[in-house]
Amino acid sequence: MGKVILCEARQAVVPYTFVNTKVEVYSYEELCFYIYNNAVLLNPEQFQGRLVQWIKTELGMEGLAGKLMELLAGDSSFIEILVAILSAGSYYETAEIRQFIDKQELVTLLPAEEKTKLRADSFLMYKRVLKAISLYDGILRQEETIEDKKFLGDVYHNKGVALAKNMELAKAKLCFLEAYERNKKKPSLEAYIMIRLLEAPVETVQSEAETFGMEEPDFARARMLLEDAVEDSRNTAVYTRYEKALYNKNHGDYEAFNQRVDMLLNQWKEEFREQVV
């Protein structure tokens, strides 16, 4: 369960934006929550200049800003800098900050590819799918040097999720298949079968599923999940605009059709720009 953010300190008029996720924070408490839950996406460069200035001017926390400047100028570790922020108020208790430190210390001990996957997974959570895919690809380029095949399967699976979110279903299908061949996990096979159901008759896909050892209840579940996903897609604003555009075209109103298509294209262009910035 997420933590309720009760803001006791001053609210910023101008938010601070974490560029790589586009998340805006308006208060000290929101800043702490973001740091606590997204440390894997942070780096020391983000704490040079702009963020410290924002803490000083927008939050009015001159003491914290000064302490951060001292830590940044010295030999302090990045964890110490983050802990200084978390400890400056009462949003997190001492035990929670200790847990944060322990977790970050464990992360530093992970192999490089596992750290990269953590970052990619976080970008995927924030729907920054292009960044996530790029990081997953970086891991997979080293596949021959990684012994943990289940880990590689999980990387392929999450890359498949990212590709599916980016409407690259053919590539996503192959990733889910590669994932299942390595991790033998039901969700990977299920995702592969769901995409296959979009492109082939049910009987054909069911026969293929049986060759993988998928049982009838699991195949029925995959069909149900796909039906739910299709139904949910029909309730989106994009689908509604698409239907209206088709209605205009079918009734000869090409001016309205072109306007709606332009709106869709502009929306997709904007979403793409958000991904690459």
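For the structure given in this document, a descriptive report is provided here. What you are looking at is a predicted structure, and each value in this text was computed from that prediction instead of being measured.

**Notes on the overall build of the protein**
Right, so step 1: Of the regular secondary structure elements, the protein holds 14 helices and 2 strands.
Right, so step 2: Here the protein displays about 16,300 Å² of accessible surface, and carbon together with sulfur accounts for 53% of that area.

**Structural notes on the pattern of salt bridges**
Between side chains of opposite charge, pairing is possible as soon as their charged atoms come close.
Right, so step 1: Summed over the entire model, instances satisfying the criterion amount to 12 salt bridges.
Right, so step 2: Lys-159 serves as the salt-bridge partner of Asp-137, at 2.6 Å between the closest nitrogen and oxygen. Of this pair, Asp-137 sits in helix H7 (residues 129-140) while Lys-159 sits in helix H8 (residues 149-165); the two residues are 22 residues apart in sequence, bridging distant segments of the chain.
Right, so step 3: Residue classification places Lys-159 among the buried residues on the basis of a relative accessible area of 15%.
Right, so step 4: Note that Lys-173 is salt-bridged to Glu-199, the shortest N-O span being 2.8 Å. Taken as a pair, Lys-173 in helix H9 (residues 169-183) and Glu-199 in helix H10 (residues 186-199) lie far apart in primary sequence, 26 residues in all.
Right, so step 5: The class of Glu-199 is partly exposed, set by a relative accessible area of 43%.

**Section: the packing of aromatic side chains**
The description of an aromatic ring pair uses the distance of the two centres, along with the angle that the planes make with each other.
Right, so step 1: Going through the model one piece at a time under the given rule, you end up with 10 aromatic pairs.
Right, so step 2: For the pair Phe-18 and Tyr-34, a centre-to-centre distance of 4.0 Å together with 15° between the ring planes defines the contact as stacked. With a gap of 16 residues between them, Phe-18 in strand S1 (residues 16-18) and Tyr-34 in helix H1 (residues 28-38) connect regions that are remote in the sequence.
Right, so step 3: Overall, the relative accessible area of 3% leaves Tyr-34 in the buried class.
Right, so step 4: Arranged with centres 4.1 Å apart and planes meeting at 15°, the rings of Tyr-36 and Tyr-92 form a pair that is stacked.

**A short note on the side chain of Glu-190**
Right, so step 1: Looking at the element boundaries, Glu-190 is found in helix H10.
Right, so step 2: Using a relative accessible area of 14% as the deciding quantity, one classes Glu-190 as buried.
Right, so step 3: Aside from chain neighbours lying at most four places away, what touches Glu-190 is Met-214, Arg-221, Ala-222 and Leu-225.

**Focus: helix H4 (residues 78-86)**
Right, so step 1: Among the residues making up H4, those that are buried are Ile-81, Leu-82, Val-83, Ala-84, Ile-85 and Leu-86.
Right, so step 2: Considering only its buried residues, H4 is in contact with H1, helix H3 (62-73) and helix H5 (94-109).

**Some words on the nonpolar core**
Right, so step 1: Ile-35, Phe-47, Trp-54, Ile-55, Ile-85 and Ile-193 are the most contacted members of the largest nonpolar core, which has 74 residues in total.
Right, so step 2: Non-local contacts of Ile-55, meaning those with residues more than four positions away in its chain, are made with Leu-31, Gly-60, Met-61, Leu-64, Ala-65 and Leu-68.

**What to know about the layout of surface pockets**
Right, so step 1: In this structure, the second largest pocket encloses a volume near 240 Å³.
Right, so step 2: Together, Ala-39, Val-40, Leu-42, Phe-78, Ile-79, Leu-82, Gln-104, Val-107, Thr-108, Lys-115 and Arg-119 line the second largest pocket.
Right, so step 3: Counting only elements with at least two residues in the lining of the second largest pocket, the list comes to H4, H5 and helix H6 (112-125).
Right, so step 4: Tallied by class, the residues present in the lining of the second largest pocket amount to 7 nonpolar, 2 polar and 2 charged.

**Re H1**
Right, so step 1: Buried residues dominate H1, accounting for 8 of its 11 residues.
Right, so step 2: Listed as buried for H1 are Tyr-28, Glu-29, Leu-31, Cys-32, Tyr-34, Ile-35, Tyr-36 and Asn-38.

**A word on the packing of H6 against H7**
Right, so step 1: As a packed pair, H6 and H7 sit with axes 8 Å apart at the nearest point and diverge in direction by 160°. The orientation of H6 with respect to H7, classified from their angle, is roughly antiparallel. Of the two possible hands of crossing, H6 and H7 adopt the one that is left-handed. Residue-level inspection shows Glu-113, Thr-116, Lys-117, Arg-119, Ala-120, Asp-121, Phe-123 and Leu-124 of H6 in contact with H7, the latter providing Val-129, Lys-131, Ala-132, Leu-135, Tyr-136 and Ile-139.

**What to know about the packing of H1 against H4**
Right, so step 1: Packing of H1 against H4 brings their axes to within 9 Å, and their N-to-C directions diverge by 145°. Where H1 crosses over H4, the two elements pack in a sense that is left-handed. Where H1 abuts H4, its residues Tyr-28, Leu-31, Cys-32, Ile-35 and Tyr-36 lie against Leu-82, Ile-85 and Leu-86.
Right, so step 2: Class assignment for the residues of the contact of H1 with H4 results in 8 nonpolar, no polar and no charged.

Analysis parameters
- Residues numbered from 1 in each chain as written.
- Predicted model: local features only at pLDDT ≥ 70, side-chain atom pairs only at ≥ 80, totals over all residues.
- Heavy atoms only, no water.
- Helix = DSSP H or I, 4+ residues; strand = E, 2+ residues; numbered from the N terminus.
- Areas by Shrake-Rupley, 256 points an atom, 1.4 Å probe, with all protein chains shown as cover.
- Salt bridge = Lys/Arg side-chain N within 4 Å of Asp/Glu carboxyl O.
- Buried < 20%, exposed > 50% of the residue type's maximum accessible area, 1.4 Å probe, protein only.
- Phe/Tyr/Trp six-rings, centres within 6.5 Å; stacked < 30°, edge-to-face > 60°.
- Contact = heavy atoms within 4.5 Å.
- Core = buried A, V, L, I, M, F, W, Y, C linked by side-chain atoms within 4.5 Å.
- 1 Å grid on protein atoms, 1.4 Å probe; cavity = no way out; pocket = protein on both sides within 12 Å on 5 of 7 lines; lining within 4 Å.
- Points joined across faces, edges and corners; volume = space filled by probe spheres on them.
- Nonpolar A, V, L, I, M, F, W, Y, C, P; charged D, E, K, R; others polar.
- Axes fitted to C-alpha atoms, helices over the stretch in contact; angles between N-to-C directions.
- Parallel < 35°, antiparallel > 145°, perpendicular 65-115°, else oblique.
- Left-handed = near helix turned anticlockwise from the far one by under 90°.

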